[in-house]
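Descriptive structure summary
Each chain, written out:
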Amino acid sequence: MSPVPILDPTVRHLYVHVPFCPSICPYCDFHVLTRKAGMVEAYLAKLDEEAARLADAYDVQLDTVYLGGGTPSFLRDAELSALAGSVRRHLGWGRVENTLEVNPGTVSVERAALWRDLGLDRASVGVQSLDDATLKFLGRQHDARQAREAVSTLVDTGFRVSGDLITAVPRQPLDSDIDGLVELGVGHISAYTLTIEPGTEFARRGVTVEEDDERRGFERTEELLTARGFTRYEISNYALVGQESRHNLSYWQGRTYLGLGPGAAGHYPASPGVDGGWVMEDGTGILTTRRTNPHLHEWLAGAVGEAEGIDAHEFVTDALFMGLRLKAGIDLADLSRRSGRDVRAVYTAPIERNVSRGLLVLDGDRLQATPAGWWVLNQVVADFL
Ligand code: SF4
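Nothing here was measured: the structure is a model prediction, and the numbers come from that model.

Thresholds, definitions, all that
Residues numbered from 1 in each chain as written. Predicted model: local features only at pLDDT ≥ 70, side-chain atom pairs only at ≥ 80, totals over all residues. Helix = DSSP H or I, 4+ residues; strand = E, 2+ residues; numbered from the N terminus. Rg over C-alpha atoms; globule rule 2.2 N^0.38 Å. Buried ≥ 20, exposed ≤ 12 C-beta atoms within 10 Å, placed from the backbone. Contact = placed C-beta atoms within 7 Å. Core = buried A, V, L, I, M, F, W, Y, C linked by C-beta atoms within 7 Å. Pairing = 2+ DSSP bridges. Axes fitted to C-alpha atoms, helices over the stretch in contact; angles between N-to-C directions. Near = placed C-beta within 6 Å. Nonpolar A, V, L, I, M, F, W, Y, C, P; charged D, E, K, R; others polar. Domains from an automatic or database assignment. Right-handed = clockwise from strand over helix to strand, strands pointing away.

**Describing the overall build of the protein**
Helix and strand content of the protein: 16 helices and 15 strands. Radius of gyration (C-alpha) of the protein: 21 Å, near the 21 Å computed for a compact globule of 385 residues. Of all 385 residues assigned to the protein, the portion counted as buried reaches 42%. A sequence separation of at least 24 residues applies to 70% of the contacts in the protein between residues at least 6 apart.

Pasting the structure below:
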């Protein structure tokens, strides 16, 4: 008989999806659209309803809230105030961190002050590059001067600021992009390789990313940021001490979170005895559920995403896939407690194989990917499936 898993029934994290953008970037494959008359009003009304429903359905005590998109900062002041009001009224702000994704072209001193007054304390700014030619290639609506001003304004207004960078862009001056962001006073940098997703404008145009550029971006970003006091605490994320994204850590640590808004994904606790939740005697049963909301028009019409039950095996492989992205790796004893599976015993073979290949390190109960393992992480995790 397998042990009963110990999962926290309280949900402590909330993601809110705001799907509107001023224009669509040629590499973007998120659920985004440009606004049309009446659309934002309908979105805000539905969001308020959904927030009330989530508050009724779950035990919610939020540590973190993340307003992402899309471009939440593209909402007009009254609209963002209404959205913040719905979150605050039904679910409350996070006690630890409340992040707003910000497009540089939407920042002013007055708006930054309003965002702080609404209860937001961290800004994740889509800088992408501080080079005008690179920004133009990426189809961004802002230039380098606007990006610099936006970051400085947010830092001066008291936000903890993270800057997003895209790497592996042809002819990108990566060193000055990184140095420029650090000099502006950000405490956190997310650096993602440009990827060409099917169905995007870049895919239609046949844009490609060279593996050499990708590897150079991967290695050079770490070299420069480590020398400037940042820690690479996740494959693509760097932070000064105490500046890690507490919200994103919840994803990488396999915690539950609510998803609010069209296209938002959520990971929800399953209650003992409900829908097979925590019925573990034969290794089956559901620990949590995942659900992705439908896109805007269906969501407005009342459609809900299908819930997918996560059993112990999937819970563990998801946790491995996400947790090995972290420099700290995974505590296998904790994962065994939370999943009700003896993770070390079940996965002895893939653990030993990948340790002997130099892709993983096992130190006591802690399993971590090596730098070589990070580079081929999909392959490493596939070995556990
Ligand atoms: S601003 Fe961000 S979310 Fe909006 S289209 Fe561009 S990449 Fe996509």
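**Notes on the nonpolar core**
Nonpolar side chains tend to gather and get buried jointly when the protein is soluble and globular. Grouped together as the largest cluster of nonpolar side chains are 64 residues, with contacts concentrated most on L14, V16, V151, L154 and L181. Once residues lying within four places of it in the same chain are set aside, the contact partners of L154 are V102, V107, A112, A123, V125, F159 and V161. If you look at the next biggest cluster of nonpolar residues, it comprises 22 residues, including I286, A312, L320 and W374.

**Regarding the sheet that holds strand β14 (residues 360-363)**
Think of a sheet as strands paired side by side through backbone hydrogen bonds, with each pair either parallel or antiparallel. Spatial ordering of the open sheet is given by β13-β15-β14, a layout of three strands whose pairing is antiparallel. Where the open sheet ends on each side, the last strands, each with one partner, are β13 (330-331) and β14. Note that β13 and strand β15 (residues 366-369) share two bridges and pair antiparallel. Across the sheet, residue I330 finds its bridge partner in β15, namely L367. Strands β14 and β15 of the sheet are contacted by helix α14 (residues 348-356), whose axis makes an angle of about 115° with β14.

**Here we look at the site of the ligand**
Neighbouring the ligand are C21, I24, C25, C28, F30, V32, G69, G70, T71, N103 and G126. When its residues are assigned to classes, the shell around the ligand shows six nonpolar, five polar and no charged.

**Quick look at the domain arrangement of the protein**
Partitioning the protein into structural domains gives domain 1 (10-248) and domain 2 (328-385). Just the C-alpha atoms count here: the centres of domain 1 and domain 2 sit 30 Å apart.

**Considering the pairing of strand β4 (residues 122-128)**
For β4, a buried count of seven out of seven residues is recorded, marking the element as mostly surrounded by other parts of the structure. What you see with β4 is no split at all: R122, S124, G126 and Q128 on one side and A123, V125 and V127 on the other are buried throughout. Bridging between strand β3 (residues 97-102) and β4 involves four bridges; their strand directions are parallel. By the bridge assignment for β4, V102 is matched with V125. After leaving β3, the chain enters helix α3 (residues 109-118) and then returns to the sheet as β4, a path that is right-handed. In terms of strand pairing, β4 meets strand β5 (residues 160-167) through five bridges, oriented parallel. Bridge assignment links R122 to a residue of β5, and that residue is R160.

**With respect to the sheet that holds strand β8 (residues 237-239)**
One open sheet holds the nine strands; their spatial order is β7-β8-β6-β5-β4-β3-β2-β1-β9, and the pairing between them is mixed. The strands lining the two open edges of the sheet, one partner per strand, are β7 (231-234) and β9 (258-260). The average undirected angle you get between the axes of adjacent strands in this sheet is 25°.

**Considerations on the pairing of β15**
Here β15 shows one buried face, formed by L367 and A369, and one open face, formed by R366 and Q368. Two elements, β14 and β15, share four bridges in a ladder whose sense is antiparallel. Looking at the pairing, L360 lines up with A369 of β15. What sits between the antiparallel neighbours β14 and β15 is a turn of two residues, in which G364 has the positive phi angle 65°.

**What to know about unusual backbone geometry**
Look at the link from G69 to G70: it is a cis peptide, with omega at 20°. You can see G70 is positioned in the loop between β2 (59-69) and α2 (77-90). Unusually for a residue other than glycine, A168 sits at a positive phi of about 70°. Its location among the elements puts A168 in the loop between β5 and α6 (174-183). Even without a glycine there, the phi angle at R171 is positive, about 60°. Among the structural elements, R171 can be located in the loop between β5 and α6.

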